[in-house]
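Structure at a glance
So the chains spell out like this:
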Amino acid sequence: QLQLEESGGGLVQRGGSLRLSCAASLFGLDTAVIGWFRQAPGKGLEGVSCISSISSSDGKSYYADSVKGRFTISRDNAANTVYLQMNSLKPEDTAVYFCTANLKRHVCPSMDRMTSTLSEIDYWGQGTQVTVSS
């Protein structure tokens, strides 16, 4: 049983787009801080994007500098799904992408602290491979 089900990865050419989905069935994703991480070949986890819960006062989304302006995180509450729209993909984006749910927070941590909050994460998706060819 997976608490978070990911989909949408695949192989695209440089400049292409993908939309990753993260869906839950047993709890509302809008109650959690949802973070996307990625792990490139031979590298550790990197925080990519985060969206605060609906209970937060800001409701803001956050992005790593490396993806800002190209990636967009969003919620569809009716579908209980969070999306990561990835445009203008680069080979450097090649990685396994993981969605996470943190019920201990209502507001995202700063992007440079994303990997410092791994122990707080309540649920992980199974990971989805994104490969960008040059």
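Going by the structure above, here's the rest.
Now for a quick tour of the structure. Within each chain, residue numbers correspond to sequence positions counted from 1 in written order. Only residues with pLDDT of 70 or above have their local features reported here, since the model is predicted, and side-chain atom pairs are shown and tallied only from 80 upward, although totals for entire chains, interfaces and linings are computed over all residues. Water and hydrogen atoms play no part in the side-chain values, which are based on all heavy atoms of the structure.

1. Concerning the overall build of the protein chain
Secondary structure elements follow DSSP: runs of H or I of four or more residues count as helices, runs of E of two or more count as strands, with numbering from the N terminus. When helices and strands are counted, the protein chain shows 0 helices and 11 strands. The order of helices and strands in the protein chain, counted from the N terminus, is β-β-β-β-β-β-β-β-β-β-β. Our radius of gyration is a C-alpha quantity, and the globule rule it is checked against amounts to 2.2 Å times the number of residues to the power 0.38. Taken over C-alpha atoms, the radius of gyration comes to 14 Å for the protein chain, in line with the 14 Å a tight globule of 134 residues would show. Here's how the labels work: a residue is buried when its accessible area is under 20% of the maximum for its type, exposed when over 50%, partly exposed in between, all with a 1.4 Å probe on protein chains only. Counting across all 134 residues of the protein chain, residues that qualify as buried make up 45%. Working rule for contacts: check all heavy atoms of both residues, and any pair within 4.5 Å makes them a contact. A fraction of 63% describes how many contacts in the protein chain between residues 6 or more apart in sequence connect residues 24 or more apart. What sets the accessible areas is the Shrake-Rupley method with a 1.4 Å probe; for residues, cover comes only from the shown protein chains. Split by element, the accessible area of the protein chain, about 6500 Å² in all, is 47% carbon and sulfur. The charge count treats Lys and Arg as positive and Asp and Glu as negative. His and the chain ends do not count. One atom stands in for each charge, and that atom is NZ of Lys, CZ of Arg, CG of Asp or CD of Glu. A distance of 5 Å separates the average location of the 12 positive side-chain charges in the protein chain from that of its 12 negative side-chain charges.

2. So, the pairing of strand β5 (residues 45-51)
Counting buried positions over the 7 residues of β5 gives 5, a clear majority of the element. Alignment of strand β4 (residues 33-39) against β5, held across 6 bridges, turns out to be antiparallel. Its bridge partner being in β5, W36 is matched across the sheet by S49. In this analysis, strands are considered paired if DSSP registers two or more bridges between them. Sheet topology places β5 next to strand β6 (residues 61-63); 3 bridges connect them, and they run antiparallel. Counted as the bridge partner of I51 is S61 from β6.

3. Topic: the side chain of T94
Relative to the assigned elements, T94 resides in the loop between β8 (81-86) and β9 (95-102). Polar contacts involving the side chain of T94 include one to the main-chain amide nitrogen of V132, which spans 2.9 Å. Beyond its immediate sequence surroundings of up to four residues, T94 is in contact with A40, P41, Q129, V130, T131 and V132. Within 3.5 Å is the distance limit for a polar contact, defined as a pair of N or O atoms, with the added protein rule that one can donate a hydrogen and the other accept it, and that residues adjacent in sequence qualify only through two side-chain atoms.

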